[in-house]
Amino acid sequence: DAKTTQPTSMDCAEGRAANLPCNHSTISGNEYVYWYRQIHSQGPQYIIHGLKNNETNEMASLIITEDRKSSTLILPHATLRDTAVYYCIVRVAQGGTYKYIFGTGTRLKVLA
Amino acid sequence: GAGVSQTPSNKVTEKGKYVELRCDPISGHTALYWYRQSLGQGPEFLIYFQGTGAADDSGLPNDRFFAVRPEGSVSTLKIQRTERGDSAVYLCASSLTNFETQYFGPGTRLLVL
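A short tour of the structure in this document, coming up.

Conventions we followed
Residues numbered from 1 in each chain as written. Chains lettered and ligands numbered in written order. Predicted model: local features only at pLDDT ≥ 70, side-chain atom pairs only at ≥ 80, totals over all residues. Heavy atoms only, no water. Salt bridge = Lys/Arg side-chain N within 4 Å of Asp/Glu carboxyl O. Helix = DSSP H or I, 4+ residues; strand = E, 2+ residues; numbered from the N terminus. Buried < 20%, exposed > 50% of the residue type's maximum accessible area, 1.4 Å probe, protein only. Core = buried A, V, L, I, M, F, W, Y, C linked by side-chain atoms within 4.5 Å. Contact = heavy atoms within 4.5 Å. Disulfide = S-S within 2.5 Å.

**Observations concerning the pattern of salt bridges**
Residue and element names in this part refer to chain B.
So, point 1. One pass over the structure, following the stated rule, counts seven salt bridges over all chains.
So, point 2. Of the charged contacts, one joins Arg64 and Glu83 as a salt bridge, the two residues approaching to 3.5 Å between their closest N and O atoms. Pair noted here: Arg64 is in the loop between β6 (53-56) and β7 (65-68) and Glu83 is in the loop between β8 (75-79) and β9 (88-95), with a separation of 19 residues, a long-range link.
So, point 3. According to the relative accessible area criterion, Arg64 is buried, its value standing at 6%.
So, point 4. A salt bridge links Asp86 to Arg64, with the nearest nitrogen and oxygen atoms 2.8 Å apart. Of this pair, Asp86 sits in the loop between β8 and β9 while Arg64 sits in the loop between β6 and β7; the two residues are 22 residues apart in sequence, bridging distant segments of the chain. For the pair Asp86 and Arg64, a shared accessibility class is recorded, and that class is buried.
So, point 5. One connected set of salt bridges, linked through shared partners, spans Arg64, Glu83 and Asp86.

**Quick notes on the nonpolar core**
Among soluble globular proteins, nonpolar side chains are generally buried collectively.
So, point 1. Core analysis: the biggest nonpolar cluster contains 22 residues, and Trp35(A), Leu73(A), Tyr86(A) and Leu108(A) have the highest contact counts within it.
So, point 2. Of all the elements in the fold, those that place two or more residues in this core are β2 (18-23), β3 (33-38), β4 (45-50), β6 (61-64), β7 (70-75), β8 (84-94) and β10 (106-111) of chain A.
So, point 3. If one sorts the elements of this core by residue count, β8(A) sits on top with five residues.
So, point 4. Setting aside its immediate chain neighbours within four residues, Tyr86(A) contacts Gln6(A), Leu20(A), Trp35(A), Tyr36(A), Arg37(A), Ile47(A), Leu73(A), Leu75(A), Gly105(A), Thr106(A) and Leu108(A).
So, point 5. One finds Cys23(B), Leu32(B), Leu60(B) and Leu110(B) within the second-largest nonpolar core, a separate group that totals 20 residues.

**Quick look at the state of the cysteines**
So, point 1. Counted under the stated rule, the structure contains two disulfides over all chains.
So, point 2. The residue that forms a disulfide with Cys22(A) is Cys88(A), at a sulfur-sulfur distance of 2.1 Å. Taking the sign of the S-S torsion, about -80° here, the bridge from Cys22(A) to Cys88(A) comes out left-handed. In this pair, Cys22(A) sits in strand β2 while Cys88(A) sits in strand β8, placing the two residues 66 residues apart along the sequence. Both residues of the pair, Cys22(A) and Cys88(A), belong to the buried class.
So, point 3. There is a disulfide in this structure between Cys23(B) and Cys92(B), and the S-S distance comes to 1.9 Å. Between Cys23(B) and Cys92(B), the S-S torsion sits near -65°, and that sign places the bridge as left-handed.

Here is the structure:
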């Protein structure tokens, strides 16, 4: 079972910041939070990941609460091309590797 | 640089037939993963290779599914006696090591009639 819960869908106006929340209340101390997105008919695209500190790259910012039980992905200026399903994943150590256990994600629609 | 590639992009087959799906990982990536994604769902783990060996095949649904990676690079997912329920998108991902970020290919859309 996925260790994350996300809203099923969200809308955001073009040019505005999109804030996508994720709850991961059972996360363990050494488990990373990863975010991917999947645009229709494509494979998941890596966005960003973090352990406990906030992270920023050219695509997005990741804010992780101090207790690590939740996080927020921020797309600072959403465009129509950001319309996609966004997956928040807790990477777990299992079976000799680190596994992604996907939930059903948040379907973000950016509106013109 | 080149990303993960998968062929074919689409495959239509008849119930009972055998299919092979191919994955070319990013050059130098030692870890390779196969996932299956049904409509409206997130990807589900099938199998993980470290080098040539299948280190974890716990996600394969039954013994009709098998995967190989003979030279530690290209991998083939093989499905015998296909069933309509096997229809899904099959995704491949690779990472430099099993600790690093996974990068996904575009997937193969399999339709079993």
